[in-house]
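# Breakdown of the fold
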Amino acid sequence: MLDPIEIAPNIWWVGAIDWNERNFHGYTTDRGSTYNAYLIVDEHITLIDTVKKSFFDEMVERISQVVDPSKIEYIVSQHVEQDHSSGLPRMLELVPNAKVYTSDPAGVTGLKAHFGDIFDFQPVKTGDELSTGKYTLQFIQTPMLHWPDSMATYLPEEKILFSMDAFGQHLSTSQRFDYEVDFNEIIIQASKYYANIVMPYGLMVSRTLKALADYEFNLICPSHGIIWKEHIGDIVALYDKWSSDQVEDYAIVIYDTMWHSTELIAKNILEAFVEKGVPARLFDLKYNHISDVITETLKAKYVAIGSPTLNNGMMPSVAAFLTYLKGLTPKSRKAIGIAFGSYGWSGQSVGMVEAEMKECGFEMPFGIFREQWVPSDEVLASVKKTISDGLDELRA
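Residues numbered from 1 in each chain as written. Predicted model: local features only at pLDDT ≥ 70, side-chain atom pairs only at ≥ 80, totals over all residues. Heavy atoms only, no water.

This part covers the pairing of strand β18 (residues 280–284). Across five bridges, the pairing between strand β17 (residues 248–255) and β18 is parallel. The partner of I252 across the bridge, within β18, is R281. You can see the chain leave β17, run along helix α8 (residues 261–275) and come back into β18, and the turn it takes is right-handed. (Pairing = 2+ DSSP bridges. Helix = DSSP H or I, 4+ residues; strand = E, 2+ residues; numbered from the N terminus. Right-handed = clockwise from strand over helix to strand, strands pointing away.)

Within strand β20 (residues 336–343), eight of the eight residues are buried, which leaves it mostly tucked inside the rest of the structure. What you see with β20 is no split at all: I336, I338, F340 and S342 on one side and G337, A339, G341 and Y343 on the other are buried throughout. Bridge count between strand β19 (residues 300–306) and β20: five bridges; the pairing is parallel. Across the sheet, residue G306 finds its bridge partner in β20, namely F340. Following the backbone out of β19, through helix α10 (residues 316–328) and into the adjacent parallel β20, one traces a crossover that is right-handed. In this structure, β20 lies alongside strand β21 (residues 368–372), joined through five bridges in parallel fashion. Note on β21: the bridge partner recorded for F340 is F369. (Buried < 20%, exposed > 50% of the residue type's maximum accessible area, 1.4 Å probe, protein only.)

Our focus in this paragraph is helix α9 (residues 290–297). In terms of residue burial, α9 counts as a mostly covered element, since seven of its eight residues are buried. Regarding α9, the residues found buried are I290, S291, V293, I294, T295, E296 and T297. Looking at the buried residues of α9, the elements they touch are β5 (27–28), α5 (183–198), β17, β18, β19 and α10. (Contact = heavy atoms within 4.5 Å.)

Running from amino to carboxyl end, helix α6 (residues 202–211) crosses helix α7 (residues 232–243) at an angle of 140°, the nearest separation of the two axes being 8 Å. Here α6 lies oblique to α7, going by the angle between them. As for how α6 packs across α7, the hand of that crossing is left-handed. Residues G202, V205, S206 and L209 of α6 form the contact with α7, whose own contacting residues are V236, Y239, D240 and S243. (Axes fitted to C-alpha atoms, helices over the stretch in contact; angles between N-to-C directions. Parallel < 35°, antiparallel > 145°, perpendicular 65-115°, else oblique. Left-handed = near helix turned anticlockwise from the far one by under 90°.)

As enumerated under the stated definition, the model contains 14 aromatic pairs in all. Seen in terms of ring centroids, F273 and Y302 are 5.0 Å apart; in terms of plane orientation they differ by 40°. Their pairing is tilted. Taken together, the residues F273 in helix α8 and Y302 in strand β19 connect sequence positions 29 residues apart. This pair shows no difference in class: F273 is buried, exactly as Y302 is. Of the aromatic side chains, those joined through ring pairs into one cluster are F167, Y194, Y239 and W242. The ring of W13 has R176 lying over it, and the distance from NZ or CZ to the ring centre is 4.4 Å. (Phe/Tyr/Trp six-rings, centres within 6.5 Å; stacked < 30°, edge-to-face > 60°. Lys NZ or Arg CZ within 6 Å of the ring centre and 35° of its normal.)

Have a look at this one:
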(Lines give C-alpha, C1' and ligand atoms only; values in the text may rest on other atoms or scores of the structure.)
Protein backbone atom coordinates (compact mmCIF):
# COMPACT_ATOMS: atom_id res chain seq x y z
CA MET A 1 0.00 0.00 0.00
CA LEU A 2 1.24 3.49 -0.85
CA ASP A 3 2.42 5.32 2.25
CA PRO A 4 1.26 8.83 3.21
CA ILE A 5 3.43 11.49 1.59
CA GLU A 6 4.70 14.57 3.40
CA ILE A 7 4.17 17.43 0.95
CA ALA A 8 5.38 20.19 3.34
CA PRO A 9 6.52 20.18 6.98
CA ASN A 10 3.86 18.27 8.96
CA ILE A 11 1.42 18.38 6.03
CA TRP A 12 0.61 15.03 4.50
CA TRP A 13 -1.25 13.61 1.54
CA VAL A 14 -3.45 10.83 2.98
CA GLY A 15 -5.96 10.36 0.17
CA ALA A 16 -6.88 7.36 -1.93
CA ILE A 17 -6.12 6.09 -5.42
CA ASP A 18 -8.93 4.68 -7.54
CA TRP A 19 -7.03 2.71 -10.17
CA ASN A 20 -10.18 1.24 -11.70
CA GLU A 21 -12.51 4.25 -12.01
CA ARG A 22 -13.63 4.39 -15.64
CA ASN A 23 -16.79 6.48 -15.61
CA PHE A 24 -17.40 9.69 -13.70
CA HIS A 25 -20.84 11.23 -14.26
CA GLY A 26 -20.86 9.93 -17.83
CA TYR A 27 -17.35 10.90 -18.81
CA THR A 28 -14.71 8.27 -19.31
CA THR A 29 -11.80 8.27 -16.87
CA ASP A 30 -9.44 5.97 -18.72
CA ARG A 31 -6.59 6.73 -16.30
CA GLY A 32 -8.60 6.25 -13.10
CA SER A 33 -8.73 8.91 -10.42
CA THR A 34 -7.54 9.98 -7.00
CA TYR A 35 -9.49 11.35 -4.05
CA ASN A 36 -7.04 13.63 -2.31
CA ALA A 37 -7.25 14.32 1.41
CA TYR A 38 -4.64 16.28 3.36
CA LEU A 39 -3.63 16.01 7.00
CA ILE A 40 -2.12 18.92 8.96
CA VAL A 41 -0.31 17.80 12.09
CA ASP A 42 -0.26 20.80 14.41
CA GLU A 43 -1.56 21.74 17.85
CA HIS A 44 -5.03 21.09 16.46
CA ILE A 45 -4.77 18.20 14.02
CA THR A 46 -6.79 18.99 10.91
CA LEU A 47 -8.05 16.90 8.00
CA ILE A 48 -8.86 18.68 4.74
CA ASP A 49 -11.58 16.65 3.02
CA THR A 50 -12.26 12.94 3.17
CA VAL A 51 -12.61 10.44 0.32
CA LYS A 52 -15.28 8.38 -1.39
CA LYS A 53 -16.64 6.06 1.30
CA SER A 54 -15.45 2.89 -0.43
CA PHE A 55 -11.88 4.14 0.08
CA PHE A 56 -12.35 5.27 3.69
CA ASP A 57 -10.30 2.47 5.23
CA GLU A 58 -7.43 3.23 2.86
CA MET A 59 -7.43 6.85 3.97
CA VAL A 60 -7.57 5.97 7.68
CA GLU A 61 -4.71 3.51 7.29
CA ARG A 62 -2.57 6.29 5.82
CA ILE A 63 -3.58 8.72 8.56
CA SER A 64 -2.68 6.09 11.15
CA GLN A 65 0.87 5.94 9.86
CA VAL A 66 1.23 9.63 10.76
CA VAL A 67 -0.98 10.15 13.82
CA ASP A 68 -3.75 8.48 15.80
CA PRO A 69 -6.90 9.37 13.79
CA SER A 70 -8.86 9.89 17.02
CA LYS A 71 -6.74 13.00 17.67
CA ILE A 72 -8.19 14.88 14.70
CA GLU A 73 -10.00 17.97 16.00
CA TYR A 74 -10.93 19.86 12.82
CA ILE A 75 -12.24 18.64 9.47
CA VAL A 76 -12.50 21.02 6.54
CA SER A 77 -15.15 19.90 4.07
CA GLN A 78 -14.57 21.96 0.94
CA HIS A 79 -17.20 20.30 -1.26
CA VAL A 80 -20.40 18.36 -0.61
CA GLU A 81 -20.11 16.03 -3.61
CA GLN A 82 -19.77 12.48 -2.36
CA ASP A 83 -16.43 11.63 -3.93
CA HIS A 84 -15.09 14.02 -1.27
CA SER A 85 -17.69 13.90 1.50
CA SER A 86 -19.12 10.38 1.68
CA GLY A 87 -16.29 9.32 4.01
CA LEU A 88 -17.26 12.09 6.43
CA PRO A 89 -19.88 10.18 8.48
CA ARG A 90 -17.47 7.30 9.17
CA MET A 91 -14.71 9.78 9.99
CA LEU A 92 -16.96 11.41 12.57
CA GLU A 93 -17.64 8.02 14.11
CA LEU A 94 -13.92 7.97 14.91
CA VAL A 95 -13.81 11.61 16.04
CA PRO A 96 -17.37 12.49 17.15
CA ASN A 97 -16.29 15.76 18.77
CA ALA A 98 -14.48 17.11 15.73
CA LYS A 99 -15.68 20.38 14.27
CA VAL A 100 -16.58 20.42 10.58
CA TYR A 101 -15.74 23.63 8.73
CA THR A 102 -17.65 24.13 5.50
CA SER A 103 -18.92 26.99 3.35
CA ASP A 104 -21.75 29.22 4.56
CA PRO A 105 -24.54 28.57 3.73
CA ALA A 106 -24.39 26.07 0.83
CA GLY A 107 -21.88 23.70 2.42
CA VAL A 108 -23.87 23.39 5.62
CA THR A 109 -27.13 22.96 3.69
CA GLY A 110 -25.63 20.33 1.40
CA LEU A 111 -23.98 18.28 4.12
CA LYS A 112 -27.18 18.29 6.18
CA ALA A 113 -29.16 17.20 3.13
CA HIS A 114 -26.79 14.30 2.55
CA PHE A 115 -26.04 13.17 6.09
CA GLY A 116 -28.49 14.83 8.46
CA ASP A 117 -28.03 17.47 11.13
CA ILE A 118 -25.73 15.36 13.27
CA PHE A 119 -22.36 17.10 13.05
CA ASP A 120 -20.86 20.18 14.66
CA PHE A 121 -20.92 22.38 11.58
CA GLN A 122 -18.85 25.56 11.58
CA PRO A 123 -19.94 27.69 8.59
CA VAL A 124 -17.21 29.87 7.06
CA LYS A 125 -17.06 32.59 4.44
CA THR A 126 -14.29 34.16 2.38
CA GLY A 127 -11.89 35.92 4.71
CA ASP A 128 -12.58 33.70 7.72
CA GLU A 129 -9.53 32.08 9.28
CA LEU A 130 -8.84 29.05 11.45
CA SER A 131 -5.67 28.61 13.50
CA THR A 132 -4.36 25.08 13.86
CA GLY A 133 -1.43 26.26 15.98
CA LYS A 134 1.55 27.47 14.01
CA TYR A 135 -0.48 27.25 10.82
CA THR A 136 -3.42 29.37 9.63
CA LEU A 137 -6.15 28.28 7.26
CA GLN A 138 -7.76 31.04 5.20
CA PHE A 139 -11.06 30.14 3.53
CA ILE A 140 -12.00 31.28 0.03
CA GLN A 141 -15.50 30.58 -1.24
CA THR A 142 -15.56 29.60 -4.93
CA PRO A 143 -19.30 29.14 -5.63
CA MET A 144 -20.14 27.26 -8.83
CA LEU A 145 -16.64 26.01 -9.25
CA HIS A 146 -18.30 23.69 -9.72
CA TRP A 147 -21.08 23.46 -7.07
CA PRO A 148 -22.65 26.26 -5.00
CA ASP A 149 -20.84 25.05 -1.87
CA SER A 150 -17.35 24.83 -3.37
CA MET A 151 -14.53 26.53 -1.52
CA ALA A 152 -10.74 26.51 -1.35
CA THR A 153 -8.36 26.83 1.59
CA TYR A 154 -5.06 28.72 1.68
CA LEU A 155 -2.24 28.08 4.12
CA PRO A 156 -0.09 31.24 4.03
CA GLU A 157 2.83 29.99 6.11
CA GLU A 158 3.69 27.40 3.44
CA LYS A 159 1.94 29.17 0.52
CA ILE A 160 -0.25 26.15 -0.19
CA LEU A 161 -3.63 26.34 -1.90
CA PHE A 162 -5.97 23.42 -1.31
CA SER A 163 -7.97 24.15 -4.45
CA MET A 164 -10.72 21.50 -4.30
CA ASP A 165 -11.88 20.63 -7.85
CA ALA A 166 -10.09 23.56 -9.50
CA PHE A 167 -6.88 22.54 -11.31
CA GLY A 168 -7.72 18.85 -10.89
CA GLN A 169 -7.40 15.85 -13.16
CA HIS A 170 -8.84 12.35 -13.06
CA LEU A 171 -5.50 10.58 -13.00
CA SER A 172 -4.39 7.63 -10.89
CA THR A 173 -0.66 7.46 -10.24
CA SER A 174 1.61 6.48 -7.38
CA GLN A 175 3.45 9.80 -7.84
CA ARG A 176 2.01 12.89 -6.20
CA PHE A 177 3.77 15.84 -7.85
CA ASP A 178 3.61 17.27 -11.36
CA TYR A 179 7.35 16.92 -11.97
CA GLU A 180 7.14 13.16 -11.34
CA VAL A 181 4.58 12.48 -14.09
CA ASP A 182 4.67 13.04 -17.84
CA PHE A 183 3.64 16.67 -18.28
CA ASN A 184 1.74 16.07 -21.53
CA GLU A 185 -0.35 13.37 -19.88
CA ILE A 186 -1.21 15.68 -16.98
CA ILE A 187 -2.31 18.44 -19.36
CA ILE A 188 -4.42 16.01 -21.41
CA GLN A 189 -6.22 14.90 -18.26
CA ALA A 190 -6.48 18.46 -16.89
CA SER A 191 -8.03 19.71 -20.13
CA LYS A 192 -10.48 16.81 -20.23
CA TYR A 193 -11.39 17.50 -16.60
CA TYR A 194 -11.95 21.19 -17.30
CA ALA A 195 -14.01 20.54 -20.43
CA ASN A 196 -16.27 17.94 -18.83
CA ILE A 197 -16.73 19.48 -15.39
CA VAL A 198 -15.63 23.10 -15.15
CA MET A 199 -16.26 24.55 -18.63
CA PRO A 200 -19.81 25.90 -17.99
CA TYR A 201 -18.47 28.00 -15.13
CA GLY A 202 -15.81 30.02 -16.95
CA LEU A 203 -17.04 33.29 -15.44
CA MET A 204 -16.62 31.87 -11.94
CA VAL A 205 -13.18 30.56 -12.87
CA SER A 206 -12.17 34.04 -14.03
CA ARG A 207 -13.44 35.56 -10.79
CA THR A 208 -11.53 32.98 -8.76
CA LEU A 209 -8.32 33.61 -10.68
CA LYS A 210 -8.68 37.34 -10.01
CA ALA A 211 -9.32 36.65 -6.32
CA LEU A 212 -6.16 34.53 -6.18
CA ALA A 213 -3.99 36.95 -8.15
CA ASP A 214 -2.37 38.43 -5.03
CA TYR A 215 -1.55 35.04 -3.50
CA GLU A 216 1.79 33.27 -3.85
CA PHE A 217 1.83 29.50 -4.32
CA ASN A 218 4.47 26.93 -3.55
CA LEU A 219 1.92 24.16 -4.04
CA ILE A 220 -1.57 23.88 -5.48
CA CYS A 221 -3.23 20.78 -4.06
CA PRO A 222 -6.42 19.80 -5.91
CA SER A 223 -8.82 17.11 -4.79
CA HIS A 224 -8.19 14.94 -7.85
CA GLY A 225 -4.91 14.09 -9.50
CA ILE A 226 -1.39 15.34 -8.93
CA ILE A 227 -0.17 18.28 -6.85
CA TRP A 228 1.13 21.26 -8.81
CA LYS A 229 4.60 22.42 -7.84
CA GLU A 230 6.87 23.06 -10.83
CA HIS A 231 4.11 23.81 -13.36
CA ILE A 232 1.86 26.11 -11.32
CA GLY A 233 2.25 28.92 -13.85
CA ASP A 234 1.34 26.58 -16.70
CA ILE A 235 -1.92 25.33 -15.23
CA VAL A 236 -2.99 28.79 -14.04
CA ALA A 237 -2.31 30.17 -17.53
CA LEU A 238 -4.36 27.38 -19.10
CA TYR A 239 -7.29 28.02 -16.74
CA ASP A 240 -7.08 31.69 -17.66
CA LYS A 241 -7.18 30.78 -21.35
CA TRP A 242 -9.96 28.22 -21.03
CA SER A 243 -12.13 30.45 -18.87
CA SER A 244 -11.80 33.35 -21.31
CA ASP A 245 -13.46 31.20 -24.02
CA GLN A 246 -10.58 31.67 -26.45
CA VAL A 247 -10.76 29.44 -29.51
CA GLU A 248 -8.16 28.41 -32.06
CA ASP A 249 -8.26 28.11 -35.83
CA TYR A 250 -9.21 24.45 -35.51
CA ALA A 251 -12.19 22.43 -36.75
CA ILE A 252 -13.85 19.29 -35.45
CA VAL A 253 -16.41 17.28 -37.42
CA ILE A 254 -18.70 15.07 -35.33
CA TYR A 255 -21.26 12.65 -36.70
CA ASP A 256 -23.00 9.31 -36.71
CA THR A 257 -24.07 7.56 -39.88
CA MET A 258 -26.34 4.72 -40.96
CA TRP A 259 -25.33 3.85 -44.54
CA HIS A 260 -22.32 6.19 -44.89
CA SER A 261 -24.12 9.09 -46.59
CA THR A 262 -23.73 11.40 -43.61
CA GLU A 263 -20.18 10.12 -43.28
CA LEU A 264 -19.44 11.20 -46.87
CA ILE A 265 -20.63 14.72 -46.09
CA ALA A 266 -18.57 14.72 -42.88
CA LYS A 267 -15.39 13.76 -44.69
CA ASN A 268 -15.88 16.42 -47.33
CA ILE A 269 -16.48 19.07 -44.67
CA LEU A 270 -13.23 17.94 -43.05
CA GLU A 271 -11.40 18.13 -46.38
CA ALA A 272 -12.72 21.64 -47.00
CA PHE A 273 -11.16 22.87 -43.77
CA VAL A 274 -7.89 21.06 -44.37
CA GLU A 275 -7.60 22.45 -47.91
CA LYS A 276 -7.96 25.97 -46.47
CA GLY A 277 -5.17 25.33 -44.00
CA VAL A 278 -7.36 24.77 -40.94
CA PRO A 279 -6.28 21.80 -38.78
CA ALA A 280 -9.26 19.47 -38.44
CA ARG A 281 -10.27 16.22 -36.79
CA LEU A 282 -13.06 13.73 -37.50
CA PHE A 283 -15.11 12.01 -34.78
CA ASP A 284 -17.55 9.17 -35.49
CA LEU A 285 -19.67 8.90 -32.33
CA LYS A 286 -19.82 5.13 -32.70
CA TYR A 287 -16.11 4.98 -31.92
CA ASN A 288 -15.41 8.10 -29.85
CA HIS A 289 -16.83 8.76 -26.40
CA ILE A 290 -18.66 12.04 -26.02
CA SER A 291 -16.41 13.13 -23.13
CA ASP A 292 -13.32 12.85 -25.34
CA VAL A 293 -15.03 14.79 -28.12
CA ILE A 294 -16.13 17.51 -25.68
CA THR A 295 -12.51 18.05 -24.70
CA GLU A 296 -11.74 19.12 -28.27
CA THR A 297 -14.44 21.80 -28.12
CA LEU A 298 -12.27 23.69 -25.61
CA LYS A 299 -10.18 25.04 -28.47
CA ALA A 300 -12.25 24.50 -31.64
CA LYS A 301 -13.42 27.60 -33.50
CA TYR A 302 -15.42 25.46 -35.94
CA VAL A 303 -17.72 22.62 -34.84
CA ALA A 304 -19.66 20.61 -37.44
CA ILE A 305 -22.25 18.10 -36.24
CA GLY A 306 -24.11 15.69 -38.49
CA SER A 307 -26.84 13.08 -38.25
CA PRO A 308 -29.02 11.10 -40.61
CA THR A 309 -32.74 11.13 -39.92
CA LEU A 310 -33.96 8.16 -37.92
CA ASN A 311 -37.66 7.84 -37.05
CA ASN A 312 -38.25 11.54 -37.71
CA GLY A 313 -35.39 12.56 -35.44
CA MET A 314 -31.65 12.47 -34.87
CA MET A 315 -29.56 9.40 -34.27
CA PRO A 316 -29.61 8.74 -30.50
CA SER A 317 -25.84 9.12 -30.29
CA VAL A 318 -25.98 12.60 -31.83
CA ALA A 319 -28.92 13.63 -29.65
CA ALA A 320 -27.03 12.46 -26.57
CA PHE A 321 -23.92 14.37 -27.61
CA LEU A 322 -25.90 17.56 -28.20
CA THR A 323 -27.59 17.23 -24.82
CA TYR A 324 -24.18 16.84 -23.19
CA LEU A 325 -22.75 19.71 -25.22
CA LYS A 326 -25.64 22.02 -24.35
CA GLY A 327 -25.04 21.50 -20.66
CA LEU A 328 -21.33 22.28 -20.91
CA THR A 329 -20.73 24.88 -23.62
CA PRO A 330 -20.59 28.51 -22.49
CA LYS A 331 -22.88 30.60 -24.69
CA SER A 332 -20.32 33.39 -24.59
CA ARG A 333 -17.93 31.33 -26.67
CA LYS A 334 -17.56 32.72 -30.20
CA ALA A 335 -17.55 29.44 -32.08
CA ILE A 336 -19.01 28.70 -35.51
CA GLY A 337 -21.30 25.75 -36.07
CA ILE A 338 -22.28 23.65 -39.06
CA ALA A 339 -25.26 21.27 -39.14
CA PHE A 340 -25.39 18.53 -41.75
CA GLY A 341 -26.86 15.13 -42.52
CA SER A 342 -28.66 12.85 -44.92
CA TYR A 343 -32.17 11.41 -45.05
CA GLY A 344 -34.41 9.09 -46.98
CA TRP A 345 -37.98 10.39 -46.97
CA SER A 346 -38.45 12.85 -44.11
CA GLY A 347 -35.28 14.68 -43.14
CA GLN A 348 -35.96 16.45 -39.84
CA SER A 349 -32.62 15.64 -38.22
CA VAL A 350 -30.49 18.44 -39.67
CA GLY A 351 -32.92 21.16 -38.59
CA MET A 352 -32.93 19.64 -35.10
CA VAL A 353 -29.13 19.65 -34.99
CA GLU A 354 -29.10 23.27 -36.12
CA ALA A 355 -31.63 24.30 -33.48
CA GLU A 356 -29.66 22.59 -30.70
CA MET A 357 -26.41 24.18 -31.85
CA LYS A 358 -28.01 27.62 -31.84
CA GLU A 359 -29.16 26.99 -28.28
CA CYS A 360 -25.53 26.22 -27.43
CA GLY A 361 -24.60 29.67 -28.71
CA PHE A 362 -23.00 28.74 -32.02
CA GLU A 363 -23.08 31.17 -34.90
CA MET A 364 -24.27 29.38 -38.06
CA PRO A 365 -23.07 31.40 -41.08
CA PHE A 366 -22.63 28.45 -43.45
CA GLY A 367 -26.27 27.40 -43.46
CA ILE A 368 -27.07 23.68 -43.28
CA PHE A 369 -26.14 20.75 -45.50
CA ARG A 370 -29.08 18.39 -45.87
CA GLU A 371 -28.95 15.77 -48.63
CA GLN A 372 -31.34 12.99 -49.63
CA TRP A 373 -30.16 9.43 -50.04
CA VAL A 374 -26.56 9.21 -51.29
CA PRO A 375 -24.91 12.56 -52.04
CA SER A 376 -23.44 12.78 -55.54
CA ASP A 377 -19.94 13.95 -56.33
CA GLU A 378 -21.45 17.24 -57.48
CA VAL A 379 -23.23 17.70 -54.16
CA LEU A 380 -20.09 16.92 -52.18
CA ALA A 381 -18.09 19.35 -54.30
CA SER A 382 -20.74 21.98 -53.59
CA VAL A 383 -20.42 21.35 -49.83
CA LYS A 384 -16.67 21.87 -49.99
CA LYS A 385 -17.02 25.03 -52.10
CA THR A 386 -19.61 26.53 -49.76
CA ILE A 387 -17.33 26.03 -46.77
CA SER A 388 -14.27 27.24 -48.65
CA ASP A 389 -16.03 30.40 -49.82
CA GLY A 390 -17.48 30.94 -46.38
CA LEU A 391 -14.04 30.71 -44.77
CA ASP A 392 -12.74 33.28 -47.22
CA GLU A 393 -15.55 35.64 -46.25
CA LEU A 394 -14.99 35.12 -42.54
CA ARG A 395 -11.29 35.82 -42.91
CA ALA A 396 -11.71 38.87 -45.14
